[in-house]
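Report on the structure
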Amino acid sequence: MLEQLVEAVLGALIPLCEMMGILVIAVSTLSAFGRYLRGLFTRSPGDVKSQLASGLALSLEFKMAAEILKTVLVRDMTELMVLGAVIILRALLSFLIHFEMKQHDMPHQETLGGIEP
């Protein structure tokens, strides 16, 4: 009884998380492209890369949530190993995007002997 309820709820929740991730990617991409085009015509620099990376990182969080919820429904070990590999790859992608965002947001300051003026 409880197992069937969990399967029914997760059967609806997992695709919802997946669709939210896809929606975030679509909105972020369209928004970044719009900012890029606006920057081309107005010749004003915009922070398109950082905002796109932020949207992609958020979408990966939704996708990873769906993968984590899928672990409840796993029936055998091969399915669990594939799911684990997908989660690891998405976590690695998320880490790399966050790392790139952090590098992009750091101010470019000169240092003298490791000491900032």
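Residues numbered from 1 in each chain as written. Predicted model: local features only at pLDDT ≥ 70, side-chain atom pairs only at ≥ 80, totals over all residues. Heavy atoms only, no water.

Between its first and last C-alpha atoms helix α2 (residues 48-70) spans 33 Å; for 23 residues at 1.5 Å apiece the expected length is 33 Å, and the two agree. On its buried face, α2 sits against α1 (2-42) and α3 (77-105). (Helix = DSSP H or I, 4+ residues; strand = E, 2+ residues; numbered from the N terminus. Expected span 1.5 Å × (residues − 1). Contact = heavy atoms within 4.5 Å.)

This brings us to the packing of aromatic side chains. Centre-to-centre distance and the angle between the planes together describe a pair of aromatic rings. Tallied over the full model, the rule gives 2 aromatic pairs. With centroids separated by 6.4 Å and ring planes inclined at 25°, the aromatic side chains of F95 and F99 adopt a geometry described as stacked. Placement of the pair is F95 and F99 together in helix α3, with a separation of 4 residues, close to one helical turn. Taking the relative accessible area as the measure of exposure, F99 reaches 44% and is therefore partly exposed. (Phe/Tyr/Trp six-rings, centres within 6.5 Å; stacked < 30°, edge-to-face > 60°. Buried < 20%, exposed > 50% of the residue type's maximum accessible area, 1.4 Å probe, protein only.)

What follows covers α1. Taking 1.5 Å per residue as the helical rise, α1 with its 41 residues ought to reach 60 Å, and the 59 Å between its terminal C-alpha atoms agrees with that figure. Among all positions in α1, only L10, I14, C17, E18, G21, V24, S28, A32 and G39 are buried. Residues of α1 that are buried in the fold lie against α2 and α3. Residue R43 follows α1 closely and has a positive phi angle near 55°.

Examined against the element boundaries, S59 turns out to sit in helix α2. In this structure S59 touches G21, V24 and I25, once residues within four positions along its chain are discounted.

Moving on, we come to the confidence of the model for the protein. Mean pLDDT over the protein works out to 84, with 91% of the residues at or above the 70 mark. Throughout residues 108-112 the model reports pLDDT below 50, and contacts reaching past four residues in sequence, or to other chains, amount to 3 contacts. (pLDDT = per-residue confidence, 0-100.)

Looking at the secondary structure, you find I97 in helix α3. The class for I97 is buried, based on a relative accessible area of 16%. C-alpha of I97 to C-alpha of S54: the two residues are 43 residues apart in sequence and 7.9 Å apart in space. Not counting residues within four places of it along the chain, the set of residues in contact with I97 comprises A53, L56, A57 and L60.

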